Amino acid sequence: MKRVIEQTADGSATLFVPELNEHYHSVKGARTESQHIFIDMGLNASEVAEPHILEIGFGTGLNALLTLETAESTQRKVHYTGIELYPLPWEMIEPLGYSDNPLFKTLHIIPWEEDTIITPCFTLRKVQADFTTLTTDRSFDIIYFDAFAPEKQPEMWSQELFDRLHVIMGEKGILTTYCAKGVVRRMLQTAGFTVERLPGPPGGKREILRARK
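The rules we used
- Residues numbered from 1 in each chain as written.
- Predicted model: local features only at pLDDT ≥ 70, side-chain atom pairs only at ≥ 80, totals over all residues.
- Heavy atoms only, no water.
- UniProt positions renumbered as here; feature names shortened; annotations may be inferred.
- Helix = DSSP H or I, 4+ residues; strand = E, 2+ residues; numbered from the N terminus.
- Salt bridge = Lys/Arg side-chain N within 4 Å of Asp/Glu carboxyl O.
- Buried < 20%, exposed > 50% of the residue type's maximum accessible area, 1.4 Å probe, protein only.
- 1 Å grid on protein atoms, 1.4 Å probe; cavity = no way out; pocket = protein on both sides within 12 Å on 5 of 7 lines; lining within 4 Å.
- Points joined across faces, edges and corners; volume = space filled by probe spheres on them.
- Nonpolar A, V, L, I, M, F, W, Y, C, P; charged D, E, K, R; others polar.
- Right-handed = clockwise from strand over helix to strand, strands pointing away.
- Pairing = 2+ DSSP bridges.
- Phe/Tyr/Trp six-rings, centres within 6.5 Å; stacked < 30°, edge-to-face > 60°.
- Lys NZ or Arg CZ within 6 Å of the ring centre and 35° of its normal.

### Some thoughts on the UniProt feature "domain: MnmC-like methyltransferase" (unreviewed entry) in the protein chain
- Mapped onto this numbering, the UniProt entry gives "domain: MnmC-like methyltransferase" (unreviewed entry) at residues 135-213.
- In residues 135-213, helix accounts for 25% and strand for 34%; the two terminal C-alpha atoms are 20 Å from one another.

### A closer look at the pattern of salt bridges
- What the rule picks out here adds up to nine salt bridges.
- The partner of Asp 115 in a salt bridge is Arg 125, with the nearest N and O atoms 3.4 Å apart. With Asp 115 in strand 6 (residues 115-119) and Arg 125 in strand 7 (residues 122-127), the pair connects residues that are 10 residues apart, well separated along the chain.
- A residue is classified by how much of its surface remains accessible, and Asp 115, at 38% relative accessible area, is partly exposed.
- The closest approach of N and O atoms between Arg 210 and Glu 196, which form a salt bridge, is 2.9 Å. With a gap of 14 residues between them, Arg 210 in strand 11 (residues 207-212) and Glu 196 in strand 10 (residues 194-199) connect regions that are remote in the sequence.
- Under the relative-accessibility criterion, Arg 210 is labelled buried at 10%.
- Residue classification places Glu 196 among the partly exposed positions, given a relative accessible area of 25%.
- Look at the salt bridges and you will find they share partners, linking Asp 115, Arg 125 and Arg 138 into a network.

### Side note on the layout of surface pockets
- The calculated volume of the largest pocket comes to roughly 520 Å³.
- For the lining of the largest pocket, the secondary structure elements donating two or more residues are strand 4 (52-56) and helix 2 (62-74).
- Classifying every residue of the lining of the largest pocket gives 14 nonpolar, eight polar and seven charged.
- When its volume is computed, the second largest pocket comes out at roughly 330 Å³.
- Lining the second largest pocket are 17 residues, and of these Glu 22, Glu 33, Ala 149, Tyr 178 and Lys 205 sit closest to its centre.
- For the lining of the second largest pocket, the per-class residue count stands at eight nonpolar, three polar and six charged.

### Looking at empty space enclosed by the protein
- Going through the model one piece at a time under the given rule, you end up with one cavity of 30 Å³ or more.
- What lines the largest cavity is Ser 26, Lys 28, Gly 29, Thr 32, Glu 33, Pro 201, Pro 202, Gly 204 and Lys 205.
- Class assignment for the residues of the lining of the largest cavity results in two nonpolar, four polar and three charged.

### Here we look at the pairing of strand 4
- Along strand 4, four of the five residues are buried, which leaves the element largely enclosed by surrounding structure.
- Crossover connection from strand 4 via helix 2 to parallel strand 5 (residues 78-83): handedness right-handed.
- Judged from the four bridges that link them, strand 4 and strand 8 (residues 140-145) form a sheet pairing that is parallel. Bridging across to strand 8, Ile 53 finds its partner in Ile 142.

### Here's the deal with the packing of aromatic side chains
- Under the defined criterion, the tally for this structure stands at 11 aromatic pairs.
- Consider the rings of Phe 38 and Tyr 144, whose centres lie 5.1 Å apart with planes at 45 degrees: the pair is tilted. Here Phe 38, found in helix 1 (residues 30-40), pairs with Tyr 144, found in strand 8; they are 106 residues apart in sequence, far enough to count as distant.
- Relative to Trp 112, the ring of Phe 58 has its centre 6.5 Å away and its plane inclined at 75 degrees; by these criteria the two rings are edge-to-face. Of this pair, Phe 58 sits in the loop between strand 4 and helix 2 while Trp 112 is found in the loop between helix 4 (102-109) and strand 6, placing the two residues 54 residues apart along the sequence.
- Through a chain of ring-to-ring contacts, three or more aromatic side chains come together here, namely Phe 38, Tyr 80, Phe 122 and Tyr 144.
- In this structure, Arg 164 packs its charged tip against the face of Phe 131, placed 5.9 Å from the ring centre.

### Overview of unusual backbone geometry
- Positioned with a positive phi, Asn 21 is a non-glycine residue whose angle comes to about 55 degrees.
- By the secondary structure assignment, Asn 21 is in the loop between strand 2 (13-17) and strand 3 (22-23).
- In this structure, Glu 113 is a non-glycine residue whose phi angle is positive, near 70 degrees.
- Here Glu 113 shows up in the loop between helix 4 and strand 6.

Structure, rendered in structure tokens:
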């Protein structure tokens, strides 16, 4: 699929997929959205000292970068697993200009399917797979649910998948997602989560969802 670089309202860039008429991040602010939904409302809200994080939709690696930066600044050890069916080459990521930190390139060029220690506080495992058919014996404390929107990728937003996520989450698990649709909230509740509606990122969506096990 063709991808086009577009600027968002906070000055950071994102990718646009004309075939799906969908952006990888909010046009109101790519970095602002990721920081608010996944770091502030996810990672920083978790009580787990050394969390295992699962990202559904590794994409541009922006969520992983922000998590790495947070782990380094707080000296909190994080084990990060990112699942992506269609990996993006570094040559497509670099022009987005998300960071001058050479570790950002490292996130993209390390091998897939193996644990790689990026820093003493951040270990990354990238998995190239279709999450709808993936099985795992790992347990996760935080889930960044960052798939394309339900109307664009409906197979990623099913009751079966949310049921599975509930099973693989630790006792104090947290799931965050930008999508606050009522049908998604009800599926999370049916799976066994306690779901909160939270304010969306500054200048962006009015509400987001956070689900706790």
